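Read off the chains here:
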There are 6 protein chains.
Amino acid sequence: MYTDLPLAELQSLRTSAVAPDDLDAFWRRTVDASRAKAAPPVVVPVDTGLTTLDVFDVTFSGFEGQPIRAWLRVPAGATGPLPTVVQYVGYGGGRGHAVDELQLASAGFAHLHMDTRGQGSGWSPGDTPDVAPDTGAQAPGVMTRGIGSPETYYYRRLMTDAVLAVDAARQLEQVDGDRIAVKGGSQGGALAIAASAFSPHVKAALVRVPFLADFPRAIVITDAYPFREVTDWLRIHRGRADEALSTLAYFDSSLLAQRASVPGDFTVGLMDEITPPSTVYAAYNAWAGEKQMTVWQYNGHDGGGLDDLPRELDFLRRHLA
Amino acid sequence: MYTDLPLAELQSLRTSAVAPDDLDAFWRRTVDASRAKAAPPVVVPVDTGLTTLDVFDVTFSGFEGQPIRAWLRVPAGATGPLPTVVQYVGYGGGRGHAVDELQLASAGFAHLHMDTRGQGSGWSPGDTPDVAPDTGAQAPGVMTRGIGSPETYYYRRLMTDAVLAVDAARQLEQVDGDRIAVKGGSQGGALAIAASAFSPHVKAALVRVPFLADFPRAIVITDAYPFREVTDWLRIHRGRADEALSTLAYFDSSLLAQRASVPGDFTVGLMDEITPPSTVYAAYNAWAGEKQMTVWQYNGHDGGGLDDLPRELDFLRRHLA
Amino acid sequence: MYTDLPLAELQSLRTSAVAPDDLDAFWRRTVDASRAKAAPPVVVPVDTGLTTLDVFDVTFSGFEGQPIRAWLRVPAGATGPLPTVVQYVGYGGGRGHAVDELQLASAGFAHLHMDTRGQGSGWSPGDTPDVAPDTGAQAPGVMTRGIGSPETYYYRRLMTDAVLAVDAARQLEQVDGDRIAVKGGSQGGALAIAASAFSPHVKAALVRVPFLADFPRAIVITDAYPFREVTDWLRIHRGRADEALSTLAYFDSSLLAQRASVPGDFTVGLMDEITPPSTVYAAYNAWAGEKQMTVWQYNGHDGGGLDDLPRELDFLRRHLA
Amino acid sequence: MYTDLPLAELQSLRTSAVAPDDLDAFWRRTVDASRAKAAPPVVVPVDTGLTTLDVFDVTFSGFEGQPIRAWLRVPAGATGPLPTVVQYVGYGGGRGHAVDELQLASAGFAHLHMDTRGQGSGWSPGDTPDVAPDTGAQAPGVMTRGIGSPETYYYRRLMTDAVLAVDAARQLEQVDGDRIAVKGGSQGGALAIAASAFSPHVKAALVRVPFLADFPRAIVITDAYPFREVTDWLRIHRGRADEALSTLAYFDSSLLAQRASVPGDFTVGLMDEITPPSTVYAAYNAWAGEKQMTVWQYNGHDGGGLDDLPRELDFLRRHLA
Amino acid sequence: MYTDLPLAELQSLRTSAVAPDDLDAFWRRTVDASRAKAAPPVVVPVDTGLTTLDVFDVTFSGFEGQPIRAWLRVPAGATGPLPTVVQYVGYGGGRGHAVDELQLASAGFAHLHMDTRGQGSGWSPGDTPDVAPDTGAQAPGVMTRGIGSPETYYYRRLMTDAVLAVDAARQLEQVDGDRIAVKGGSQGGALAIAASAFSPHVKAALVRVPFLADFPRAIVITDAYPFREVTDWLRIHRGRADEALSTLAYFDSSLLAQRASVPGDFTVGLMDEITPPSTVYAAYNAWAGEKQMTVWQYNGHDGGGLDDLPRELDFLRRHLA
Amino acid sequence: MYTDLPLAELQSLRTSAVAPDDLDAFWRRTVDASRAKAAPPVVVPVDTGLTTLDVFDVTFSGFEGQPIRAWLRVPAGATGPLPTVVQYVGYGGGRGHAVDELQLASAGFAHLHMDTRGQGSGWSPGDTPDVAPDTGAQAPGVMTRGIGSPETYYYRRLMTDAVLAVDAARQLEQVDGDRIAVKGGSQGGALAIAASAFSPHVKAALVRVPFLADFPRAIVITDAYPFREVTDWLRIHRGRADEALSTLAYFDSSLLAQRASVPGDFTVGLMDEITPPSTVYAAYNAWAGEKQMTVWQYNGHDGGGLDDLPRELDFLRRHLA
């Protein structure tokens, strides 16, 4: 069943989140500091048994230079420069198996599939630790890890990884640094928004049912995890809501979307309880670039699944031409 | 947690199912009659946007000549003859998207991915109807469709499709008819067993957490669907248990496994509630060919997932050499 | 708790479903074709051990002349002609036991209790197969069986059975063919509406919490089965919603109700999640005949239960006098 | 799935409950005291609209002379004396509707359907209050009401009602006082056992999936309600287990069954979680009279349902001849 | 997530319950009659092992003089007269352990913690029986015990206990009879309202997430227990809703609040499903005395927990000065 | 219901975990290194409004000198030296409110209530961050944080905190350093075992339903969290079970218990699913000191609750005399 407002209201909704005055400064400082610590990516071939594709295990410099893992998949023998998609993963998962998600490389793209620090144990494996200077008292999961301040919040580290993954991609021999798109669903969609907002090298974005949008609204309209991790924390830490919401504003994908100016292809599921449609539209309506929305009327958080692929390939070919 | 007997007991367990005297005659008659109605497969190229693989929409003759759909995936431009894997799908799913499950073709095999008649609406789409002369009074799902007699039982039709898919594969230009293996998980594993038992053209089988094994035991040791569909039906149709179990014996994968003589690579998850380990071992222990079992100690019905792939490729290359 | 709109809004609600232009033609053609294949009903006495009632096992001709089972219950030794109630069963059930639901016969009516093809394994047993030329790829249950076209859709067959049950009743010696009412709850209520719409021999209808009404609204306002079978199917078969909804319009009980002109006695439960009150009212408000609604304010899909019986007997005696 | 021991072990199991030395004295004293306060039953005809049956609203004297309601159903116009069945109701229900459960009267029996004091709001309505001198601190439900002592325990009152219902039946004009059987399922089965044990006028008993048997075992092998009400209470009232189990022993149907010497027809469902098979067998194995057990292999607490009726009628006709 | 109306609407909401004309007379008569039967409280020291506090087991006269238990906790050696808090317990619990909830006594108050008749087996133990002259046919729990009439309804007895607990407190040597406040959460909050309404000796009230408010609205907007016990009963006892709601009106805490004129400190959780915010506000908005509301925005029925204590102590010190 | 083996088998069970050769060396090195970085505790009075107790906010040096919070509660004005209990908290909670759990201080003990790093958002608040050099890819919660090596595993840090809390206690003026006991339930019980094993200053231990015992057995016999976090991780990280179990062995409370020689008072709940009785007994049976076990026969993970307090006070007074 529908989980949110009627479509007409969704289409005109504005986020209820308010950007902190220093949001841009915070992110500029954060990204610059980490970029300054970056080393060249390390690329190791993986023996997968595949014959039509080559897969590499990539380690690049993320937040504060910490090593972040990724898979690079390309057509066998490709030397590039190829149009490229940097992909981010949904909540709880990691980069998965070297031989999973072969579509983009099989369609001729270089496909850099970034791991998610500290996650990667819920539904697909990951290999990247989260080095957390201070996780505070937190609810299980990462939604409230370090929520006491934007400096210590988990997504500061992960979003910086996402931005720097684009930098790293540009240093790979198979990649055409002027033809890079980002892609992701749910948490991965939020990361794609963040990368679009803060990396000048992103040319287009595929954003599926994006997460982390319009926190003030999201946490009072859904009981579903992972948004609910925040209310679980607020329930115990009474009186710290202002502090937490003030932190979250720096990472709210509906605010970051205002800073993205490239073409964006979005999806939403009208029966989505995890990222309720109004939060998805909060990000979409805020997106500053050219944009299109595909409404999956009878789907939930699964959105369009592989039914999105033909439109994705078309979108990528138009914008990475 | 473990859902069944200790491993040592599993390894020596025998199925409690008893083969009807005319089991072989029944199947010989069934397959022969359908084979007699077979027409050559129809192969239509699909425009997927992939560049490293070619995908074809195949329609072949299944039970009683009824049209069954499948995807054929091969390396781009391959003309064969290639070593080939015919794959069957788990309960509730269909052949899925043309661009899903690209691993085998990307590893150089011809990959014929058979649709499942009448299913394909639970977790992956399907395109093949079930033409059912008489579904009887049935529980939701297909487990009790036509259970009143082996003649009308759903799996008579589906298992015949599975056997004839191998016939059809042999007629495809990309396929080396002497190097065909079958593969499947859960229901797909049961179909792989059936094809191994009744098709002389199968050379090896990859059987993951197979379903439909040891019905008399299975239905009293688990409450999980889809085995539970049978007890749901028996609960209402009191007094018809002998009739139902007598039908099921013709399709019990632990009895069919006794008729398979090719090399078999099996998996089991010791925390599996859907196909409890003792039912999987009932099939494995009965398997008449050379065999090996991979035990996934902390997994359920997910078994080994893509972690099985390296061993699969090795097994295939050894037995389809 | 209340599951839908306030009562005042329910009372003025109109269905959102739109009748296809050829709805009447479709049904006329369907019913006529099946009626042409009808044979006289076969009536076999059942030894139930009851002394105040006689029970018969009736087999009559339903869709395309296929044999449909029913129970006929009458006061012991009754030869008729008696006022008669043809009753249809809710989703998942069959005609049940010969000795169940004795109230109507014990009140002096001939009671023809029709079986439900292919169902009858969920909560009461059934004995009638569904002969399905093409079930397509379907979700478990019957809601999406053959949904690709009105020609193949399951309810085409079942609703035709319901209409022809009235024809069959008229041929039974105990039945007064001019005094026949129909009755049913949930799916049975939808069948009662269909029979009222398409059989000229129905004189009154008892419609309890009717199902299958206002599909376009129903599937987006409830997550409860069996309406949810439709969204389960649409979730997987993305892009086929128009096709499916176009099929469903031929069977929407809120559209069929517009074609019923006999007196109707309806019930609704304001706490009903399975047939939400607004869908029940969509059918009730559309009903073209004289009508009355009993609102069960604190009940769900159980509606009035046996508390409806006194009013039912009064209604029947007035309209079958 | 099976919820308990293998059948062979069930068949030889003995109850773990131990009868208090004064059990018989307690019950003799209790029943005698209440019998001394009994007044003749009051019988009021009910206008049900039925024509083949007459229904009466009976009020008789139960525990300490308190008024207990019941329905009496007989073939229309019957004056008797008829063979008679006194029936008791399962946990949470009351005597239900006047027009429900018409089978026994329709088969020619006088059918006295006793209400359950204080219950009758869970699945069928009741009309009899429980006058409780002291309910103590209790868990929701009646299982721990007054559990501090056999004198105050709820089932002392209800079981006495059950015994006196037989006395009352004998005073009804339609009843043949020498041909009375008792019947019940679950809690009703326990009451049928109690009446068989303590009333000299019972000639046979139909005992379906009886409850309240072998408390010491039951409460540690199942988590299902209503047995669980006892463990809910024990969990809070730590250190009072001896006191509670000492009370329960006076009402344990496996101990009362040792005091029943009439023919008994029992049923059990091997998939029953509510009255686990071993507790049912604890009562059956203890039954001192001639006995027979019907095993419903694939059923739970629903047992045989109406499929039991033919055997019931046969049993009744043999033993009430 | 939020479970009810927006805050602005909550703040102006009025109860939908209507006070019976004789509500005040009913309560005056009830309390006076019970007060007339009261005996002096009996106070027995408890050996708890604590050294900073003394604990006493108090038995006082409640409804109709029936003995009600309570704990009295005071600073060790205190002889008084102390400012005093009489506390009532939430649904399902009893007075708990002698050594639980030590905060108020440790803060220098005499703390009289009243037991709850017949409850005390759900989450904390109780020791007080409910002597129920007539519990009627009831749903499990106490919400429908005796609901057929205000005379027999359970809360008549319990609310009278609550009023007389204040009388009893005044007779304890440690208590300053002119400085008594009441406190409670959920059901305890409703009892605090009742005591404030009907005892002239209450000087202030701490009312946390109060229960039993605005029954006509509550039972149609939440499915959560214990309000749901009422709809469970109404579902079975169709046609008795007027009778039940007429009884409940005498005990509706939103109507009793209109009769309370002392200062009140309230709390509400905006994510509360058990006592939905609109029902809490129905009581708060009706409260006739000086009042203040603390809104716990991200909490459910847990409300403020111990985070309320500083404000409570401040409130008590101001109003019991 | 009982969740594990019969009591007699529990009493003779031995842990299946095997201690690594360097377990003692690992812990000696770990504790010594952290002890070397310790600074004196900082003690700040808290204004709680209590008059019979004083509460202080303590910050002491834990793992690697990191600051750990705790509450110190003592009788008002106490200057000591007092017998002392250092208490640890269960999984998911923190030290809670300053004014919670007042029993031990009210009984005359100094009560040091240690916070739990990084937790404290599940059911009671916490204030201490976890500084995690490398959390690896982890499941939500802390059970798999850093599980790749004993050096990085979360419980290395937390157990060291627990040991050093005893050191810190000895530096507090109110504490008699020769009369210190430790206490905890579940995770807190495991920490009490660890402190008993590795701190020479512990004189006695109160261990309630201890967690973290016999990992190899625990993770295959229960599906309940938090043990299940480990299997969730193993399910995804196939092939890393040896590595994970090898890490866990350093922290298995059934192995640490072998290193504890002080008197121990244990509890177990026979209906416990979270720490199954066999795992509790694995720790108890291994405990090297004098010991006593209280079996709560009808309780789960709640164990004895406050019903344990009298025995606790007696035990403490005997062993801290």
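Okay, so let's go over this structure. In this text the structure is predicted, and so the values were computed from the model without any measurement. (Residues numbered from 1 in each chain as written. Chains lettered and ligands numbered in written order. Predicted model: local features only at pLDDT ≥ 70, side-chain atom pairs only at ≥ 80, totals over all residues. Heavy atoms only, no water.)

## What to know about the sheet that holds strand β1 (residues 42–46) of chain C
Residues and elements named next belong to chain C. Strand order in the open sheet formed by nine strands is β1-β2-β3-β5-β4-β6-β7-β8-β9, with mixed pairing between adjacent strands. Whereas interior strands pair on both sides, the edge strands pair on one side only; in this sheet they are β1 and β9 (291–296). Going across the sheet, the axis of each strand differs from the next one's by a mean of 20°, ignoring polarity. Pairing geometry for strand β8 (residues 264–269) and β9, over six bridges, is parallel. Of the residues in β9, the one forming a bridge with F266 is M293. Across the sheet, helix α4 (residues 154–170) touches β2 (53–61), β3 (67–75), β4 (82–88), β5 (110–114) and β6 (175–185), and the angle it forms with β6 is around 150°. Sheet contacts for helix α11 (residues 309–319): β4, β6, β7 (204–208), β8 and β9; angle to β7, the most-contacted strand, approximately 160°. (Pairing = 2+ DSSP bridges. Helix = DSSP H or I, 4+ residues; strand = E, 2+ residues; numbered from the N terminus. Axes fitted to C-alpha atoms, helices over the stretch in contact; angles between N-to-C directions. Contact = heavy atoms within 4.5 Å.)

## Focus: the packing of aromatic side chains
Inspection of the entire model under this criterion finds 90 aromatic pairs over all chains. With a centroid separation of 5.6 Å and 85° between ring planes, the pair formed by F215(C) and F227(C) is classed as edge-to-face. Here the residue F215(C) occupies a position in helix α6 (residues 215–221), and F227(C) occupies one in helix α7 (residues 227–236), the gap between them amounting to twelve residues. Like F215(C), the residue F227(C) is buried in the burial classification. Measuring from centroid to centroid gives 5.4 Å for F26(E) and W27(E), while their planes differ by 80°, and the two rings are edge-to-face. Here a set of aromatic residues connected by ring pairs shows up, and it is made of F26(A), W27(A), Y153(A), Y154(A), Y155(A), F198(A), Y250(A) and F251(A). Between R95(D) and the ring centre of W71(D), over which it is positioned, the NZ or CZ distance is 3.5 Å. Positioned over the ring face of W296(B) is R238(F), at 5.6 Å from the centre of the ring. (Phe/Tyr/Trp six-rings, centres within 6.5 Å; stacked < 30°, edge-to-face > 60°. Buried < 20%, exposed > 50% of the residue type's maximum accessible area, 1.4 Å probe, protein only. Lys NZ or Arg CZ within 6 Å of the ring centre and 35° of its normal.)

## Focus on the relation of the copies chain F and chain A
Copies of the same chain, two in number, are related to each other by a rotation about an axis and a translation along it. Structural alignment of chain F on chain A gives an RMSD of 0.0 Å, achieved by rotating through 180° and translating 0.0 Å along the axis. Both copies are brought into coincidence by an operation consistent with a two-fold rotation axis. Taken together, the interface assignments show that 100% of the residues at the interface of chain F recur at the interface of chain A, consistent with an identical surface on both copies. (Least-squares fit on C-alpha atoms with pLDDT ≥ 70 in both.)

## Quick word on the relation of the copies chain F and chain D
Relative to chain D, chain F is turned by 120° and slid 0.0 Å along the rotation axis, the superposed coordinates differing by an RMSD of 0.0 Å. Expressed as a symmetry operation, the mapping of one chain copy onto the other fits a three-fold axis. Relative to the rotation axis, the C-alpha of T3(F) is the closest in chain F, positioned 8.3 Å from it.

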